[in-house]
Amino acid sequence: MAYKDRGLKKWGGFILSEHTAHMEQSNRIPHWKVAMDEATIQSTLTHATSHHVMLAIQEYQAVGIDAQSDIVGQLIGIEGDSIYIRTSSGIQAVELANIRHVEERRIEKWYS
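Being a predicted model, the structure only gives us computed values, none of them experimental. (Residues numbered from 1 in each chain as written. Predicted model: local features only at pLDDT ≥ 70, side-chain atom pairs only at ≥ 80, totals over all residues. Heavy atoms only, no water.)

The helix and strand tally for the protein stands at 2 helices and 5 strands. A sequence separation of at least 24 residues applies to 53% of the contacts in the protein between residues at least 6 apart. For the protein, the accessible area works out to roughly 8900 Å², and carbon and sulfur atoms hold 56% of it. (Helix = DSSP H or I, 4+ residues; strand = E, 2+ residues; numbered from the N terminus. Contact = heavy atoms within 4.5 Å. Areas by Shrake-Rupley, 256 points an atom, 1.4 Å probe, with all protein chains shown as cover.)

Of the strand pairs in this sheet, strand E2 (residues 71-79) and strand E3 (residues 82-87) are connected by 5 bridges, and their pairing is antiparallel. Bridge pairing in E3 places Gln 74 opposite Arg 86. Counting the residues that bridge the hairpin from E2 to E3 gives 2 residues, and of these Gly 80 lies at a positive phi of roughly 65°. The turn linking E3 back onto strand E4 (residues 90-95) is made up of 2 residues. (Pairing = 2+ DSSP bridges.)

This part is about the sheet that holds E4. In spatial order, the strands read E4-E3-E2-E1-E5; together these 5 strands make up an open sheet with antiparallel pairing. Looking at the sheet topology across the chains shown, the edges are occupied by E4 and strand E5 (99-105). The sheet shows a mean angle of 45° between the axes of neighbouring strands, direction not considered. Relative to the sheet, helix H2 (residues 38-51) contacts strand E1 (54-59), E2, E3 and E5, its axis offset from that of E5 by approximately 35°. (Axes fitted to C-alpha atoms, helices over the stretch in contact; angles between N-to-C directions.)

Turning next to the pattern of salt bridges. The final tally for this structure, using the stated rule, is 4 salt bridges. For Arg 105, the salt bridge identified is with Asp 70, shortest N-O distance 3.2 Å. Placement of the pair is Arg 105 in strand E5 and Asp 70 in the loop between E1 and E2, with a sequence separation of 35 residues. Overall, the relative accessible area of 24% leaves Arg 105 in the partly exposed class. Taken together, the shared-partner salt bridges connect Lys 33, Asp 70, Glu 103 and Arg 105 into one network. (Salt bridge = Lys/Arg side-chain N within 4 Å of Asp/Glu carboxyl O. Buried < 20%, exposed > 50% of the residue type's maximum accessible area, 1.4 Å probe, protein only.)

Let's shift gears to the nonpolar core. Ranked by internal contacts, the top residues of the largest apolar core, which has 14 residues, are Leu 45, Leu 55, Ile 57, Ile 83, Ile 99 and Val 102. Those elements that place two or more of their residues in this core are H2, E1, E2, E3 and E5. The element contributing the most residues to this core is H2, with 3 residues. Those residues in contact with Val 102, other than ones at most four positions away along the chain, are Met 36, Ile 41, Thr 44, Leu 45, Leu 55, Ala 56 and Ile 57. (Core = buried A, V, L, I, M, F, W, Y, C linked by side-chain atoms within 4.5 Å.)

This is the structure:
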């Protein structure tokens, strides 16, 4: 019987937990996403309303301010020029004019 090499899988156990935590933390640093036009934002919000998906919304910030974390939650309503998102910390209102980027988001890891 020939030995079957598992490739890189056998080395996975040698990665330190601190290194893994550092890699995950560096992936969480917010960065500016490509600004979307109003039509694309509107179609994404319409799709989210009809399919009840999670959204990640990035808002415009003042000049010189770094990107903030996305607002992640489910769209629960639109009234006038505002949308209402149910997040893990409560309901948050976002003005449509302040939306820079919106995308569907899968459910994040529940373990940490």
